[in-house]
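# Notes for the structure review
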Amino acid sequence: MRKRTGKVFFSVSSSTSSFSFFFLCLGIFFCMEMARAQNRKTVPINVGVVMDMDEWVGKMGLSCISMALSDFYSSDHGSDYKTRLVLHTRDSKRDVVAAAAAALDLLKSVEVETIIGPLSSMQADFIIGLGEKSQVPIISFSATSPSLSSFRSPYFIRATQNDSSQVKTISSIIQSFGWREVVPIYVDNQFGEGIIPFLADALEKINARIPYRSVIPEFATDDHIKYELSKLMSMQTRVFVVHMTTSLGTKLFTMAKELGMMGEGYVWIITDAMANGLTSVDSSAIEAMQGVIGVKPYVPRTKQLENFTTRWKLKFQQENPTILNAELNVFGLWAYDSATALAMAVERSRITGAPFRKPNVSGNATDLEAFGVSKDGPKLLQAILNITFKGLSGDFQIVEGQLQSPAYQIINVFGNGAKGIGFWTRENGIVKELNLRNTNNVYSISKANFGSIIWPGDTTFVPKGWVIPTNGKKLRIGVPVKDGFSEFVKVTTDFTTNTTTVTGYCIDVFDAVMAALPYYVPYEYVPFAAPGKFTESYDDLIYQVFLGNFDAVAGDTTIVSNRSQYVDFTLPYTESGVTMMVPIKDDNSDSAWVFLKPLTWELWLTSFCSFVFIGFVIWLLEHRVNEDFRGPPSHQVGMIFWFAFSTMVFAQKEKIVSNLARFVLIIWFLVVLILTSSYTASLTSMLTVEKLQPTVRDIKELQKNEYVGYLQGSFVPGLLRKMNFDEDRLREYSNPEECVDLLSKGSANGGVAAVFDEIPYVKLVLANYCSKFTTVGPTYKADGFGFVFPMGSPLVPDVSRAVLSVTESEKMVQIEKAWFGESTCSDSSTSLSSNSLGLASFWGLFVIAVVAAILALLIFLTKFMHEYWHIIKRTNLSLRERVRILARKFDRKDYSCHTFKKSELREAMRDSACMDCSQSPHDNLSMLSSPRTNGPPSPSISSYTEQSFHFPGEVGTPPLHEENVAVSTQESVIELAVDLSAGH
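Calculation criteria
- Residues numbered from 1 in each chain as written.
- Predicted model: local features only at pLDDT ≥ 70, side-chain atom pairs only at ≥ 80, totals over all residues.
- Heavy atoms only, no water.
- Salt bridge = Lys/Arg side-chain N within 4 Å of Asp/Glu carboxyl O.
- Helix = DSSP H or I, 4+ residues; strand = E, 2+ residues; numbered from the N terminus.
- Buried < 20%, exposed > 50% of the residue type's maximum accessible area, 1.4 Å probe, protein only.
- Contact = heavy atoms within 4.5 Å.
- Pairing = 2+ DSSP bridges.

Okay, the pattern of salt bridges next. As enumerated under the stated definition, the model contains 18 salt bridges in all. Put simply, K231 and E228 hold a salt bridge, and the shortest N to O gap is 3.6 Å. One end of the pair is K231 and the other is E228, both in helix α8 (residues 222–233) and 3 residues apart, which spans about a single turn. Of the charged contacts in the structure, one is a salt bridge between R563 and D539, with a shortest N-O distance of 2.7 Å. Placement of the pair is R563 in the loop between β21 (552–553) and β22 (567–569) and D539 in helix α17 (residues 538–547), with a sequence separation of 24 residues. Take R563: its relative accessible area is 2%, and that puts it in the buried class. A relative accessible area of 31% means that D539 is categorised as partly exposed.

It is worth spelling out the side chain of S134 at this point. You can see S134 is positioned in helix α4 (residues 121–134). S134 has contacts with L107, F371, G372, V373 and S374, leaving out every residue within four places of it along the chain.

Of all 5 residues in strand β6 (residues 183–187), 5 are buried, a share of seventy percent or more. What you see with β6 is no split at all: V183, I185 and V187 on one side and P184 and Y186 on the other are buried throughout. Pairing between β6 and strand β8 (residues 239–243): 4 bridges, direction parallel. Of the residues in β8, the one forming a bridge with Y186 is H243. One ladder, built from 3 bridges, connects β6 with strand β7 (residues 214–216); its direction is parallel. Each bridged residue has a counterpart across the sheet, and for I185 the counterpart in β7 is S214.

The omega torsion of the bond from G117 to P118 falls at -5 degrees, within 30 degrees of zero and hence cis. The residue P118 is located in the loop between β3 (114–116) and α4 in this model. In this structure, R350 is a non-glycine residue whose phi angle is positive, near 60 degrees. Among the secondary structure elements, R350 is positioned in the loop between α13 (330–349) and α14 (367–370). The backbone of E400 shows a phi angle near 55 degrees, a positive value even though the residue is not glycine. Following the sequence through the fold, E400 ends up in the loop between β12 (394–399) and β13 (402–403). Looking at E400, the relative accessible area reads 58%, which means it is exposed.

Next comes the structure, spelled out in structure tokens:
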């Protein structure tokens, strides 16, 4: 019994102990959790959200913001965060006032630390002001208008792309395909207007113009849109850039398809405002947008993005079961990244959500004055600006108050959606494949970098961007009404039938050019002048194109730089330049000296110097070996000039002995032959051709005190004023007859001394009056006649190509013959040009002759110095004595020459036979060594004495005295004869 009782007692005691231990542990755990909860107590931070809750972007944005905060706080580090964002949402109801009221309520009643939103730029404009006043950051992920700027309000943070960042991409596309005109179509509000100045600047840089701006009201009716599209159809431009919301844009494209504006030849480019929302557009709108080109920020595909997209679709479908097939776009990604960045900034800044500082206001203050100022706002703003991380949309970094600009993707609407056809980056321009690691910063806009593009009308051919208007309107071609020179343009009016006929060379060329275009262009000629009057100024006529009164101008309009500042010219179709035309007269005043004119004074002087130089060289080479080049000094100087100039007519009688001199003369005779033949031909031409000379040869003669003429209405007066002509000395004429009359009278009799006009007009006058007038002086540069079109007209490139085609064809020759005929006058400017021969035509011959002479002279001097080197190297003689000795040696005959050997031997034998044998050896030697009449001493005796005697002052063997002569005169002669025959 006790044992049983004991067992029972033991069992009860054990159960009681177990329950006590359990409750003890539970209490300890509860206390610990309470302590932990106390330690990790979070601070709630109020955040306002202002969005259009019934808009697709608003629903998507709010859903993404909620998921962002949920993901942020449920992450691995979420339990360590000290703050929690508490969202307070308000519906802006698509209204600017409602958005402002919602923001004001959040700031005043809730005292939010920041506001996310609103969606539109118009709503954000006012809310930004409230944020700056309360120092509360305003974060917008969808307000893209460039008019909203952080420079204006530092508390505005654009967590999206500025619309202006995409204009460079759009202009690169336009430049790639060479389109010259673009019409922007945009919504009539702050969002639509904000991009236009930036787009216009970007297009201006690529030489593309905006001829018209199509503005569509935000709530435009179908009739209004159709009316605006009909106006666009009547214009020639076919490139349109659409910048509006997705809802309005889809309505626009639906109407455009109904009107046939989505067919072949049209180009439609949409901005990212529509391109980002294509995923939410219904199939009927996509069908209407086939062939549209779009640009949108590039979002890299990552596993994180794919995972989020899947989760978002499930969550969004649960929250909005009535919306089927919802697709996430980049605005949702920016909303997600904005909320994540805000949560990170709040956590890093350690703000506490302190109450606002209340302003000191009176009791009757308005709501705009009653809300306070955030204490944590400045600190939170700096934290947001310093946040950088890898978000769903890419790298999240705020630069200058807005999200940094990424690469842009270029898309093409085709089939059931859009396909990528290329990318644009700031460093590389347009590329087919995006490589963000590419370091090759070569900017390209080549259209070859695009993928396959399907254009409107389901074609792959690139539209040219413009067409002739479809409303049947003809181009108005302005033409001048001229008093003279009707060969170029002639306007004839038949007052009985009230019809106007325009003819002329310029008109025929324009007709041929327009017919050569690959398409038909209807046009009509419109004279520019009052009835019965003439066109006074061509500048005024051309300016009418700039004003839009004419679509083009066809006539004798000259391409001038100042005109090209407001119109475009085609390539010229006539000769260019301005020249001077003057009268000519028969000039016989200088006939007595006509023989000097065939050669210029430079050539005369060069020829004279060359003759003297060659004569001197020949004398040097012949003096020692030729009797004809010896004698008294005056005789030798005369011989130099006589021989040199006698070669001019080949009249020289002197026999040349030296081979070096013969070599020089062979070259020189060739020069003389060519020079004399050319002189004879030129002189003959001058004596036989009629000598008609211009009355004025240089423009400087006119600038002194002469009158000059110009064609009425031309640009030439401006050119003359630049050339320092006095405006009082300028006289105008309007037709060829007046021009001839002014030139015939002369400057002193009420006429002009010369006229300045363009080459086509001058040629027309000279064709009939070539015997009276001629052109002189330089041709002043001008670009000829060209057709005028509005600045940036797409017709200009095609018309210019047609001008080239016509001017290079036989058609141009036929037109010129039809209006100007074939001139029977020779080119007067050529016949009056100088026939004088200049040094430039013969300097090569002179160089050859001089080089040959110098070469022969060097050879001669080398041989001479080598022969008497023993004298040159004597150091015991002064330089002057050595030079005197060498000069004496040069002046003597060279008896080693074959011309002297035989003759001197005969003379020596004859002289020795006549001597008296009774004479002493000294007398005999003196007789032999004495000079002959009119000749030098005998070479045998000279040779002998040179070996035996020395000149005064020479150092050598002692002089030969009489007692040293051991041979008789007869023996000396025999020895000398032997020496001479042996070659000594």
